[in-house]
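One-letter residues, chain by chain:
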Amino acid sequence: MTPTDPLVSTEWLAAHIGDANVKILDASFKLPGVLPLPKDDYLAAHLPGAVFFDVDAVSDHSNPLPHMYPSAEQFGRDAGQLGISDADTVVLYDAGGWVAAPRAWWMFLAFGHSNVRILNGGLKKWRAEGRPVESGEVKPKPATFRASYDSKRVRSMQQLIANVESSKEQVIDARAADRFEGAPEPRAGIRSGHIPGARNVPYNQLFDAATGEMKPLEDLRAAFANAGVRLDAPIVTSCGSGVSAGVLTLALYRLGITDTALYDGSWSEWGQAGGPPVATGPA
């Protein structure tokens, strides 16, 4: 049996947007220094009733790395403050550039909430179809959300250092090909290159930039095959800081590969000065 498709259509959401147990979260995200800030974009225009999910806020604030997974206790508290209860269907979207909604989706799954979906095409497709948007902040009524952490869905740097030796898991990097091969990184002080042995599937190959929709399953399958990825062997996704890796995770999930893991620290951890060995050039 194939798992439930994590994507929902704009038609589905338009029909269910008023349901009491459907909660919509805007998980838009940008790289540091890119303006306007995602929160300001949200305040200017968001889906009716949508609450802003801040990827940087729902994270471990004691860790200097960007937006690392928080504890189950914190995630439960943060989700509850966003108005999400255990009984709710969570629908996530972002601006339509497929950056952070999949990251937030994987976080909900990793913290034990399976009833979570992503709006295919995001805000971009919603607006292109002339559907209504609102401005200003939505203040949700706090709810109770009980989170339990499934560590199998996430990998640490120590696990990936061991994996360079064992090659038990394929590591797929979602960054653009030039960064994978050694172009300068957007984050200051981060080395260039990739994890030795990694494959490269740039996340923007997996969706249609014109519509914001994820590509058909056969196109997703071809993108992984062309990068030398075996879909019948274990997979860890990685990227710049653990956000766009979720796009690969989502695409794999839609292909029926639901047991992947995400390297949370990703290149912002591995690429630090004095870190583990790096490789450059094509995969």
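All values derive from a computational prediction rather than experimental measurement. For every chain, the first residue of the written sequence is number 1, and numbering continues from 1 along that sequence. Local features in a predicted model are, by the rule used here, given only for residues with pLDDT of at least 70; side-chain atom pairs are given and counted only at 80 or more, and totals for whole chains, interfaces and linings are based on all residues. No hydrogens and no water enter the side-chain calculation; it runs on all heavy atoms of the structure.

Any two side chains of opposite charge can pair if their charged atoms end up close together. By convention in these notes, a salt bridge is any Lys or Arg side-chain nitrogen within 4 Å of a carboxyl oxygen on Asp or Glu. Following the criterion strictly, the structure yields 18 salt bridges and no others. Two residues, Glu129 and Lys125, come together in a salt bridge whose shortest N-O distance is 2.6 Å. Between Glu185 and Arg179 there is a salt bridge whose closest N-O contact spans 2.7 Å. For the pair Glu185 and Arg179, one class covers both residues: buried. Beyond isolated ion pairs, a larger network of salt bridges with shared partners links Glu11, Lys125, Glu129, Arg131 and Glu213. Each residue gets one of three labels from its accessible area relative to the maximum for its type: buried under 20%, exposed over 50%, partly exposed in between, using a 1.4 Å probe on protein chains only.

On to the sheet that holds strand E3 (residues 51-52), then. Two strands pair under a simple rule: DSSP has to find at least two bridges between them. The helix and strand labels rest on DSSP assignments: H or I over at least four residues marks a helix, E over at least two residues marks a strand, and numbering proceeds from the N terminus. Taken in spatial order, the 5 strands of this open sheet run E1-E5-E4-E2-E3, and their pairing is parallel. For this open sheet the edge positions go to strand E1 (7-8) and E3, each flanked by a neighbour on one side alone. As defined by bridge partners, E1 adjoins strand E5 (residues 116-119) across 2 bridges and the pair is classed as parallel. Bridging across to E5, Leu7 finds its partner in Ile118.

Once that is clear, we can look at helix H9 (residues 245-254). Buried residues dominate H9, accounting for 10 of its 10 residues. Among all positions in H9, only Ala245, Gly246, Val247, Leu248, Thr249, Leu250, Ala251, Leu252, Tyr253 and Arg254 are buried. One or two steps after H9, the chain reaches Gly256, where phi turns positive at roughly 90°.

What follows deals with the packing of aromatic side chains. Aromatic pairing here means that ring centres of Phe, Tyr or Trp (its six-membered ring) are within 6.5 Å. Orientation follows from the plane angle: under 30 degrees is stacked, over 60 is edge-to-face, and everything else is tilted. Summed over all chains, the structure comprises 14 aromatic pairs. Pairing Phe108 with Phe145 gives two aromatic rings, centres 5.9 Å apart and planes at 80°, and the pair type is edge-to-face. With a gap of 37 residues between them, Phe108 in helix H4 (residues 101-110) and Phe145 in the loop between helix H5 (122-128) and strand E6 (154-155) connect regions that are remote in the sequence. One aromatic cluster is present, formed by Phe53, Tyr69, Phe75, Phe108, Phe111, Phe145 and Tyr149 through successive ring pairs. Working rule: Lys NZ or Arg CZ, within 6 Å of ring centre, within 35 degrees of ring normal, means a charge sits over the ring. The aromatic ring of Trp126 is capped on one face by Arg131, whose charged end is 5.5 Å from the ring centroid. Here Arg153 stacks its cationic end above the ring of Trp106, 4.9 Å away from the centre of that ring.

This paragraph deals with the side chain of Ser268. By the element assignment, Ser268 lies in helix H10 (residues 266-270). A residue is classified by how much of its surface remains accessible, and Ser268, at 3% relative accessible area, is buried. We define a polar contact as two N or O atoms separated by no more than 3.5 Å, with the added condition that, inside protein, one atom must be a possible hydrogen donor and the other a possible acceptor, whereas residues neighbouring each other in sequence contribute only through side-chain atom pairs. There is a polar contact of 3.0 Å between the side chain of Ser268 and the backbone oxygen of Gly265. Sequence-distant contacts of Ser268, that is, excluding residues within four places in its chain, are made with Leu65, Pro66, Arg187, Ile190, Gly240 and Ser241. By definition in these notes, contact holds between two residues if any of their heavy atoms fall within 4.5 Å.

In this section: the environment of Leu217. Within the fold, Leu217 resides in helix H8 (residues 217-226). Given a relative accessible area of 32%, Leu217 falls into the partly exposed group. It is 22 Å that separates the C-alpha atoms of Leu217 and Asn115, two residues lying 102 residues apart in sequence. Among all residues touching Leu217, those that are not within four sequence positions of it are Arg254 and Leu255.

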